[in-house]
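Reading the structure
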Amino acid sequence: MLENLYTTKMSMDKEKLQARFVKIQAEPGRRAKGVGVLVFALLLAVMAGTSACIAIGTAEDYAMTDQEFSAYISQPIGAVMADLDYADENILVLHYGDGFFVLNQETRTIRHAVDLSKLNITTQPQGDVTLEVTVDKAGSHAYLSALGPREEIKSYDDYVIDLDSGQVKKGTMPADTEVFRGYSDTFAAIPDAAGWYSSRCITAGDQTYYLSAQASHVGNMELVTLHHDGSPAQHWYLFGEASIIPEEDIPDLYDKAVEYMAQEYHRVYDPYYDIQDLTLSAWKQNGNEATFFYTMTYLYYNRDPDKAAYIQEAKKGNRETYESLYKDYLALKEANCCYKVVWNGKTFDLYCDVSLKGPSVWHGPMTVDDFIAS
């Protein structure tokens, strides 16, 4: 019976509510009828005493189930990264897509996971209608609302989330609320930030926080904590294991990657090219993963351009075109690619960036052989 009560929308008008509880009264048994009459009477009393009915839900009403959470962290990260909404020494607040999270900074665990798709609110980070999340300065409540043209947002509701209990209710931010403003632009504040990172960082006390992703799925997002005293940065996965990666336990992968990539390139390209140099640059390591830029400079084994069919054809035509192709054929060539490697304890899993511009889109696991046309 209580389950039926919780599935009734308190925002229904009087007639619809009455019909809903008439159905409850129709259930077998005198006890059911009595509960239905009592509940409806109470509802009429509440509605008579207030100009608007506010729906209040428990933390469980809007919390992600295990199945929903698993599906959430498996989804790819889109064009926009997650937003960090609040941070202090106790909690971390962030939202992305349908997920709103409160995490415990000390234990590195998720305190509350709210499924925003269960609310009448937009979850869009960009466009004409977007989601705005504001946290008060005390870090006690978050206020969610839709931003955009009045006609387009009037169908959405505003919500208040109690960051301690996880309770969600409809409501707006009080006019006298002192809001949290400890944000900075991540690129300006941390010019050497690794990976694909959140557009804003938060400075609280002697630490700065920002979100980073080295891979393309939500479950790979990390919190990076920078200490102003110069001690090593800390990284911990927000989801999944949600555990700290101690700086001293992170292997130095640079030398291993240099050796691995050289072996792979010589194995694959030696039959085709005279490799002159292999250069690994822009190295950025985060835990057991690293991204870098790789350049191969090479020459053709055949040093007689006139033996190449396309140059023989050009020789029959325009002289300038022929000479240009002839010179280019003898020149030192470059092949460039952006890679990511993930150390699995024995060797690397290799990924390449297949995006033309913008955030990296990683293809893999793969091998260098995949670049050779069959």
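Each value, and the rule that gives it
- Residues numbered from 1 in each chain as written.
- Predicted model: local features only at pLDDT ≥ 70, side-chain atom pairs only at ≥ 80, totals over all residues.
- Heavy atoms only, no water.
- Phe/Tyr/Trp six-rings, centres within 6.5 Å; stacked < 30°, edge-to-face > 60°.
- Helix = DSSP H or I, 4+ residues; strand = E, 2+ residues; numbered from the N terminus.
- Buried < 20%, exposed > 50% of the residue type's maximum accessible area, 1.4 Å probe, protein only.
- Lys NZ or Arg CZ within 6 Å of the ring centre and 35° of its normal.
- Salt bridge = Lys/Arg side-chain N within 4 Å of Asp/Glu carboxyl O.
- Core = buried A, V, L, I, M, F, W, Y, C linked by side-chain atoms within 4.5 Å.
- Contact = heavy atoms within 4.5 Å.
- Pairing = 2+ DSSP bridges.
- Axes fitted to C-alpha atoms, helices over the stretch in contact; angles between N-to-C directions.
- Polar contact = N/O pair within 3.5 Å; in protein donor to acceptor, adjacent residues only side chain to side chain.
- pLDDT = per-residue confidence, 0-100.

For the coordinates displayed, the defined rule picks out 24 aromatic pairs. Seen in terms of ring centroids, Tyr254 and Trp283 are 5.3 Å apart; in terms of plane orientation they differ by 90°. Their pairing is edge-to-face. Note that Tyr254 is positioned in helix 8 (residues 254-269) and Trp283 in strand 17 (residues 273-286), a separation of 29 residues in sequence. Look at Trp283 and you get partly exposed, because its relative accessible area is 22%. Aromatic ring contacts, followed pair by pair, group Tyr254, Tyr265, Tyr269, Tyr273, Trp283, Phe292, Tyr294, Tyr298, Tyr300, Tyr329, Tyr339 and Phe371 into a single cluster. A cation over a ring is seen here: Arg200 above Tyr183, with NZ or CZ 3.9 Å from the ring centre. Here the guanidinium or amino end of Lys340 rests over the ring plane of Tyr351, the centre of that ring lying 4.7 Å away.

Moving on, we get to the pattern of salt bridges. For the structure on display, the rule yields ten salt bridges. In this structure, Lys154 engages Glu151 in a salt bridge whose closest nitrogen and oxygen atoms are separated by 2.8 Å. The exposure classification of Lys154 matches that of Glu151, with both residues exposed. Between Lys315 and Asp306 there is a salt bridge, and its shortest N-O distance comes to 3.8 Å. It is possible to trace a salt-bridge network through shared partners that takes in Glu264, Arg267 and Asp369.

One broad rule of soluble globular proteins: the nonpolar side chains tend to lie buried together. Leu92, Phe100, Leu144, Leu163, Met221 and Leu238 are the most contacted members of the largest nonpolar core, which totals 48 residues. Top element by residues in this core is strand 3 (residues 91-96). It accounts for five residues. Beyond its immediate sequence surroundings of up to four residues, Leu238 is in contact with Leu92, Leu94, Leu103, Ile110, Leu211, Met221, Glu222 and Leu223. Counting 23 residues, the second largest nonpolar core, distinct from the first, contains Tyr260, Ile275, Leu280 and Met366.

Right, let's get into the sheet that holds strand 5 (residues 109-115). On the basis of which strands lie adjacent, the open sheet formed by four strands has the order 2-3-4-5 and antiparallel pairing. Since the sheet does not close on itself, it has two edges, and those belong to strand 2 (83-87) and strand 5, each with one partner. When the angles between neighbouring strand axes are averaged without regard to direction, this sheet yields 20°. By the bridge criterion, six bridges tie strand 3 to strand 4 (residues 99-104) in an arrangement that is antiparallel. Following the sheet pairing, Leu94 is matched in strand 4 by Phe101.

Here we take up the pairing of strand 18 (residues 289-300). Extensive coverage of strand 18 is indicated by the burial of ten of its twelve residues. Across eleven bridges, strand 17 lies against strand 18 in antiparallel orientation. Following the sheet pairing, Ile275 is matched in strand 18 by Tyr298. Adjacent in sequence and paired antiparallel, strand 17 and strand 18 are bridged by two residues, among which Gly287 carries a positive phi angle near 70°. Summarising the sheet, strand 18 and strand 19 (residues 333-343) pair through ten bridges and their orientation is antiparallel. Residue pairing in the sheet places Thr295 in a bridge with Asn336 of strand 19.

Moving on, we come to the side chain of Gln207. For Gln207, the position within the fold is in strand 13 (residues 207-213). A polar contact of 2.6 Å, which involves the side chain of Gln207, links it to the side chain of Tyr209.

You can see Met221 is positioned in strand 14 (residues 221-227). Take Met221: its relative accessible area is 0%, and that puts it in the buried class. Once residues lying within four places of it in the same chain are set aside, the contact partners of Met221 are Ile77, Met81, Ala82, Ser212, Ala213, Trp236, Tyr237, Leu238 and Phe239.

The next point concerns the confidence of the model for the chain. Across the chain, the average pLDDT comes to 79, with 78% of residues at 70 or higher. Across residues 1-55, confidence stays below pLDDT 50; counting only partners more than four residues off in sequence or on other chains, it has 41 contacts. Counting contacts from residues 241-249, a segment whose pLDDT is below 50, to residues more than four positions away or on other chains yields 18 contacts.

Strand pairs in the sheet, formed through backbone hydrogen bonds, run parallel or antiparallel to each other. Read from one edge to the other, the open sheet built from five strands follows the order 17-18-19-20-21, with strand pairing classed as antiparallel. Both outer strands of the open sheet, strand 17 and strand 21 (362-366), are each paired with one neighbouring strand and no more. Strand-to-strand twist in this sheet, taken as the mean axis angle between neighbours without regard to direction, amounts to 30°. Sheet contacts for helix 8: strand 17, strand 18, strand 19 and strand 20 (348-353); angle to strand 17, the most-contacted strand, approximately 150°.

Examined bridge by bridge, strand 14 and strand 15 (residues 234-237) share four bridges and lie antiparallel to one another. Directly across from Thr225, in strand 15, lies its bridge partner Gln234. Following strand 14, the chain reverses through six residues before pairing antiparallel with strand 15; Gly230 in that reversal takes a positive phi of roughly 90°.

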